[in-house]
Amino acid sequence: MSEIENNEAGQSGRAARAGKRKKEAEASASGASIQLPPYETIALMLQGGGALGAYQAGVYQGLHEANIHPNWIAGISIGALNTAIIAGNAPEHRVTRLLEFWETICQPAYGFPLPAFVERALFDSADEVRKAFTAMQAFGALVEGQKGFFVPRFPPPSPIESTSPQTASYYDTTPLKATLERLCDFDRINSGETRVSVGAVNVATGNFAYFDNTQIRLRAEHFIASGALPPGFAAVEIDGQFYWDGGLMSNTPLYEVAQATPRRDTLAFQVDLWSARGPVPDSIVDVMGRVKDVQFSSRTRLVTDQMQRAQRARNVLQHVLDLVPEDVRKSNEWCRLAEELACSKRYNIVHLIYRHKEYEGHYKDYQFGFSTMREHWESGLTDIRRTLAHRDWLDMPNGESRFITHDIHRGE
């Protein structure tokens, strides 16, 4: 069989899997719908993490199966790209579009992928073979780039010559713009049907910025800017300003959603791709990987603990104010200030955190193999199904804090 025939066979197989996945999702959604309490906001928050982002696609499929449709999606870096695909399509097409996106960017930029049976055989081999094979795929991403995502600049940038902020990088993300515009309906993204927020960093000021469809019209450039991690990817110009990957400052949109005003009863699914907890490395290669875990995990659990304490204080203040006579509350300036700070809204944060695999190296965020992508996807789908099996975890929290978190991996 020729390379072209192999490629066509692989594409045919992937199309069949896409159709099967869509049918399974639709069947599950019709038979396993979950009736949620009357939350005002149902948020999906997607962290950055490159190739690990297929885990988020699996989580979304599980939410789709349960007929849970977020009305606010916020993302950073690869989480922003997944956000664009989800928000930019009708609910019944989102899983299929996510699969199309991931099967596109997991192909080499110029050559043909390995025949599916060969790729799978190498991936399913002994640990040492798998490590060598996935390392080769990561090296291929560095040398060749990924289809519909990024390609190397030629000639490569000079370390001493000044050019333009838009070309000061090792890779060109022009293909990504075409991919997003092909797979996303930006009129739908900006329709207000779903609130969409993506985070980036202003290169000139160093300030964090959120592009939000309640404030501006979002374009492909806003999502690409959120994932423009230097020096691999160049800054993206938007309205005369240049932006880099939001993960440089904060790799999770959790704080943006939980601190939004006016405050609302919120159920938020926080999907992280880096775990702050992990083994102490004993080799240079493992050290490099662990540094990324710590750097990009954004200390999600620490942030939620701080938010829980803050919401407890606001809730206690509200109860104290309820004991103050109405005329005093209106006339006393301290009471009026306290009313601005008090809040009895309820927050339920559900964590889904990707678990590092033993065979993965420090390159796991740019190792875009088909088998690895499918394993990440299935991990996300398994984790959200396990999470949603705890129906009581979706209840509105009570108690003095009115803030609760859940995580199926906590304590493991």
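Residues numbered from 1 in each chain as written. Predicted model: local features only at pLDDT ≥ 70, side-chain atom pairs only at ≥ 80, totals over all residues. Heavy atoms only, no water.

## Digging into the overall build of the protein
Filter applied, for reference: Helix and strand definitions here come from DSSP, where helices need a minimum of 4 consecutive H or I residues and strands a minimum of 2 consecutive E residues; each element is numbered from the N-terminal end. Note on method: radius of gyration uses C-alpha positions; expected globular size equals 2.2 Å times residues raised to 0.38. Only protein chains enter the area calculation, which uses a 1.4 Å probe; residues under 20% of their type maximum are buried, those over 50% are exposed, and those in between are partly exposed. What makes two residues a contact is simply this: any of their non-hydrogen atoms within 4.5 Å. When charges are tallied, Lys and Arg are placed among the positive residues and Asp and Glu among the negative ones, while His and the ends of the chain are skipped. Working definition for charges: the position is that of NZ of Lys, CZ of Arg, CG of Asp or CD of Glu.
A count of helices and strands for the protein gives 15 helices and eleven strands. Relative to its length of 412 residues, the protein is compact, with a C-alpha radius of gyration of 22 Å against a globular reference of 22 Å. By its C-alpha atoms, the protein is 85 × 55 × 50 Å across when sized along the principal axes. Burial statistics for the protein: of 412 residues in total, 52% are counted as buried. Across the protein, every contact between residues at least 6 apart in sequence was considered, and the portion connecting residues at least 24 apart equals 77%. A gap of 3 Å separates the mean positions of the 43 positive and 50 negative side-chain charges of the protein.

## Concerning the UniProt feature "domain: PNPLA" (unreviewed entry) in the protein
Rules: UniProt positions are given in the numbering used here, feature names are shortened, and annotations may be inferred rather than shown by experiment.
UniProt records the feature "domain: PNPLA" (unreviewed entry) for residues 44–258 in the present numbering. End C-alpha to end C-alpha, residues 44–258 measures 11 Å, and it is 40% helix and 15% strand.

## Structural notes on the packing of aromatic side chains
The cut-off we apply is this: Aromatic rings from Phe, Tyr and Trp, with only the six-membered ring used for Trp, were paired whenever their centres fell within 6.5 Å, and each pair was classed as stacked if the ring planes differed by under 30 degrees, edge-to-face if by over 60, and tilted otherwise. Counted as over-ring charges are cases with an Arg CZ or a Lys NZ within 6 Å of the ring centre that also lie within 35 degrees of the ring normal.
Throughout the structure, instances matching the rule amount to 13 aromatic pairs. On the numbers, 5.9 Å between centres and 45 degrees between planes, the contact of Phe149 with Phe233 is tilted. Note that Phe149 is positioned in the loop between helix 6 (127–144) and strand 3 (151–152) and Phe233 in the loop between helix 9 (220–226) and strand 7 (236–238), a separation of 84 residues in sequence. When the centroid spacing of 6.4 Å and the interplanar angle of 80 degrees are considered together, the rings of Tyr171 and Phe233 count as edge-to-face. Placement of Tyr171 in strand 4 (residues 171–172) and of Phe233 in the loop between helix 9 and strand 7 is noted, with a sequence separation of 62 residues between them. This pair shows no difference in class: Tyr171 is buried, exactly as Phe233 is. Here a set of aromatic residues connected by ring pairs shows up, and it is made of Phe149, Phe150, Tyr171, Phe233 and Phe368. Sitting above the plane of the Phe123 ring, Arg130 keeps its charged end 4.4 Å from the centroid. Lying across the ring of Trp72, Arg195 places its NZ or CZ 3.9 Å from the centre.

## Points about helix 6
The condition that has to hold: Here the expected length of a helix is defined as 1.5 Å per residue gap, with one fewer gap than residues. The arc in question is traced by the directions running from the helix axis to the C-beta atoms.
Helix length check: helix 6, at 18 residues, gives a terminal C-alpha distance of 25 Å against a target of 26 Å (1.5 Å per residue), a fit within 8%. Among all positions in helix 6, only Arg130, Phe133, Thr134, Gln137, Ala138 and Ala141 are buried. In an axial view of helix 6, the angular spread of the buried residues amounts to 140 degrees, which keeps them on one side of the axis. Exposed side chains of helix 6 directed beyond 90 degrees from the buried face belong to Glu128, Phe139 and Val143. Where helix 6 is buried, its residues touch helix 5 (116–123), strand 4 and helix 15 (370–388). In the stretch just after helix 6, Gly145 is the one whose phi turns positive, near 90 degrees.

## With respect to a nonpolar patch on the surface
For clarity, the threshold we go by: Within the patch definition used here, like charges are joined within 9 Å and nonpolar side chains (Val, Leu, Ile, Met, Phe, Trp, Tyr) within 5 Å, considering only residues with over 30% relative accessible area and no salt bridge. Surface exposure here means Shrake-Rupley accessible area, sampled with a 1.4 Å probe, where a residue is shielded only by the protein chains that are shown. In what follows, salt bridge is the name for a side-chain nitrogen of Lys or Arg lying within 4 Å of a carboxyl oxygen of Asp or Glu.
A cluster of nonpolar side chains, namely Phe139, Leu142 and Val143, defines an oily patch on the protein surface of about 300 Å² accessible area. Mapped onto the elements, Val143 comes out in helix 6. Taking the relative accessible area as the measure of exposure, Val143 reaches 51% and is therefore exposed.

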